[in-house]
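Notes for the structure review
Spelled out, the chains give:
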Amino acid sequence: MSFLQVTGISKREEKGWVVKDVSFSQREHQKIAIAGETGSGKSTLLKMVAGLVQPDTGSIFFEKEKVFGPAEQLVAGHERIAYLSQQHELPEFLRVEQVLRYANTLDAQDAEQLFEVCRISHLLKRRTDQLSGGEKQRIALARLLLTSPGLLLLDEPFSNLDPLHKNVLKTTIQEVGETLGITCILISHDPQDTLSWADHLLIMRQGEIIQQGSPQQVYYEPKDEYVAGLFGKYNLVPAELLQGIVSDSQANSLFLRPEQLTILRDGRSGLRGTIVGKVFYGAYYEVEVLLKGASQPILVRTDNAQLLPGAELFLSLTADSFWFLSSDVV
Ligand SMILES: Nc1ncnc2c1ncn2[C@@H]1O[C@H](COP(=O)(O)OP(=O)(O)OP(=O)(O)O)[C@@H](O)[C@H]1O
């Protein structure tokens with residue numbers, strides 16, 4: 001049996017199913033991220049895994065033992081599973097070291113290492129009302145880790161953090177896995193967080209897991225436009241524009257991320273088009289190209305600052321393989 005085995009769990013509230021027949025498994029040290037639109041059931045799923053919300057059906061086994069819900073035991077939760085919520089509440093007007101001392105189950109050396117990993121060693125003498133949001137979040141994380149969990153569940157840990165604090169916390173979470181050997185599941189809205197960190201992604205919609213796979217699979221081969229849109233911009237090139245370029249095109253449209261197209265200024269082959277718009281994003285430009293015969297422009301990523309609206313060009317496809325999607329709007 002897996003490290004974590006979730007089988008057929010569901011949760012119903014007044015308005016209907018919030019989580020519906022969800023099953024997945026996790027190996028020790030495997031990094032799983034959950035993505036999905038707001039209200040798709042991500043937090044409820046994670047709280048059921050933590051033993052904080054009672055599932056209506058199904059079972060959760062962690063390290064071969066059943067995880068009981070709050071209706072099945074006196075104190076909600078599981079002592080080896082830690083859940084870091086979006087609202088990181090710390091007791092007020094205490095020194096950080098006092099807050100941490102109450103939670104500590106580690107010896108002094110291990111606790112010190114943990115404070116280093118969480119980058120809070122310099123904050124121990126501060127009072128909890130003298131901390132930034134990012135510092136509070138790292139202390140709340142350290143407080144959970146002091147209980148030596150085997151599984152750490154992170155529910156939108158980066159929400160409300162500025163880029164600087166977010167980067168520190170991202171590095172911290174990376175090191176929590178590597179240095180302390182703790183297995184994590186992370187919920188995040190931001191594709192940058194999930195794609196770069198996870199080994200495996202679970203995509204939720206209306207309480208169900210609708211796709212799962214590696215970040216590369218989900219990013220380049222999304223099941224539908226809902227999944228595609230969760231991970232950034234994309235193009236659907238109609239099959240009729242691809243004749244002579246992609247031989248196996250079906251009735252569906254070719255799915256391409258903006259970086260899977262290359263602009264050839266002096267080309268003679270590929271998809272012919274005209275630049276109709278251009279936006280600067282710092283590290284790159286995004287140009288809108290209206291293909292010959294198309295009604296909607298497609299997006300192409302480039303670092304060429306010289307390309308201006310009105311320029312005619314050819315686009316070559318740099319995708320390793322082709323992925324087709326129905327272009328029906330979901
Ligand atoms: N205790 C509850 N009672 C009634 N409805 C609930 C309860 N908890 C969650 N819901 C509803 O279930 C749905 C899923 O909520 P959940 O918080 O799990 O989604 P989410 O994907 O984590 O959303 P977000 O990204 O906004 O945090 C929402 O429509 C929410 O309003």
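Under an unreviewed UniProt entry, the name given to the protein is Iron(III) transport system ATP-binding protein, and the source organism is Rufibacter quisquiliarum.

1. Some words on the packing of helix 2 (residues 96-103) against helix 4 (residues 133-145)
Where helix 2 contacts helix 4, the axes come no closer than 8 Å and their chain directions differ by 25°. With respect to helix 4, the axis of helix 2 lies roughly parallel. Our pair here, helix 2 against helix 4, has a crossing hand that is right-handed. Each of Val96, Val99, Leu100 and Ala103 in helix 2 lies in contact with helix 4, whose residues at this interface are Ile139, Ala142 and Arg143. The residue inventory of the contact of helix 2 with helix 4, partitioned by class, reads six nonpolar, no polar and one charged.

2. Re the pairing of strand 4 (residues 57-62)
Sheet topology note: the strand 1 (residues 4-13)/strand 4 ladder contains five bridges and is antiparallel. From the neighbouring strand, leucine 4 faces strand 4, where its bridge partner is phenylalanine 62. By the bridge criterion, two bridges tie strand 4 to strand 5 (residues 65-66) in an arrangement that is antiparallel. Looking at strand 5, one finds that phenylalanine 62 is bridged to glutamate 65.

3. Some words on the environment of isoleucine 187
Positionally, isoleucine 187 belongs in strand 8 (residues 183-187). Judged by the 24 C-beta atoms lying within 10 Å of it, isoleucine 187 is buried. A sequence separation of 144 residues divides isoleucine 187 from serine 43, and the C-alpha atoms of the two residues are 7.8 Å apart. Setting aside anything within four residues of it in sequence, one finds isoleucine 187 in contact with Ile34, Lys42, Ser43, Leu46, Leu154, Asp155 and Glu156.

4. What about the domain arrangement of the protein?
The domains assigned to the protein are domain 1 (4-228) and domain 2 (233-324). Between the C-alpha centres of domain 1 and domain 2 there is a distance of 39 Å.

5. Quick look at the sheet that holds strand 5
What the four strands build is an open sheet, ordered 2-1-4-5; its pairing is antiparallel. Both outer strands of the open sheet, strand 2 (16-26) and strand 5, are each paired with one neighbouring strand and no more. In terms of strand pairing, strand 1 meets strand 2 through seven bridges, oriented antiparallel. Looking across to strand 2, one finds that lysine 11 is bridged to valine 19.

6. Considering the sheet that holds strand 13 (residues 261-264)
Pairing within the open sheet is antiparallel, and its five strands lie in the order 13-17-14-15-16. Each edge of the open sheet is held by one strand with a lone partner, namely strand 13 and strand 16 (298-302). Between one strand axis and the next, the sheet turns through 50° on average, direction left out of account. Taken together, the four bridges between strand 13 and strand 17 (residues 312-317) define a ladder with antiparallel strand orientation. By the bridge assignment, threonine 262 is partnered in strand 17 with serine 316.

7. Quick word on the nonpolar core
Side chains of a nonpolar character, in soluble globular proteins, are inclined to be buried together. Judged by nonpolar contacts, the single largest core of 75 residues is most densely connected at Ala142, Leu153 and Ile203. In terms of residue count, helix 4 provides more of this core than any other element does, five residues in total. Looking at this core, you find at least three residues from each of domain 1 (4-228) and domain 2 (233-324). In this view, leucine 153 contacts Leu46, Val49, Ala50, Ile81, Ala82, Tyr83, Leu84 and Ile185; residues no more than four positions away in its chain are not counted.

What counts and what doesn't
Residues numbered from 1 in each chain as written. Predicted model: local features only at pLDDT ≥ 70, side-chain atom pairs only at ≥ 80, totals over all residues. Axes fitted to C-alpha atoms, helices over the stretch in contact; angles between N-to-C directions. Helix = DSSP H or I, 4+ residues; strand = E, 2+ residues; numbered from the N terminus. Parallel < 35°, antiparallel > 145°, perpendicular 65-115°, else oblique. Left-handed = near helix turned anticlockwise from the far one by under 90°. Contact = placed C-beta atoms within 7 Å. Nonpolar A, V, L, I, M, F, W, Y, C, P; charged D, E, K, R; others polar. Pairing = 2+ DSSP bridges. Buried ≥ 20, exposed ≤ 12 C-beta atoms within 10 Å, placed from the backbone. Domains from an automatic or database assignment. Core = buried A, V, L, I, M, F, W, Y, C linked by C-beta atoms within 7 Å.

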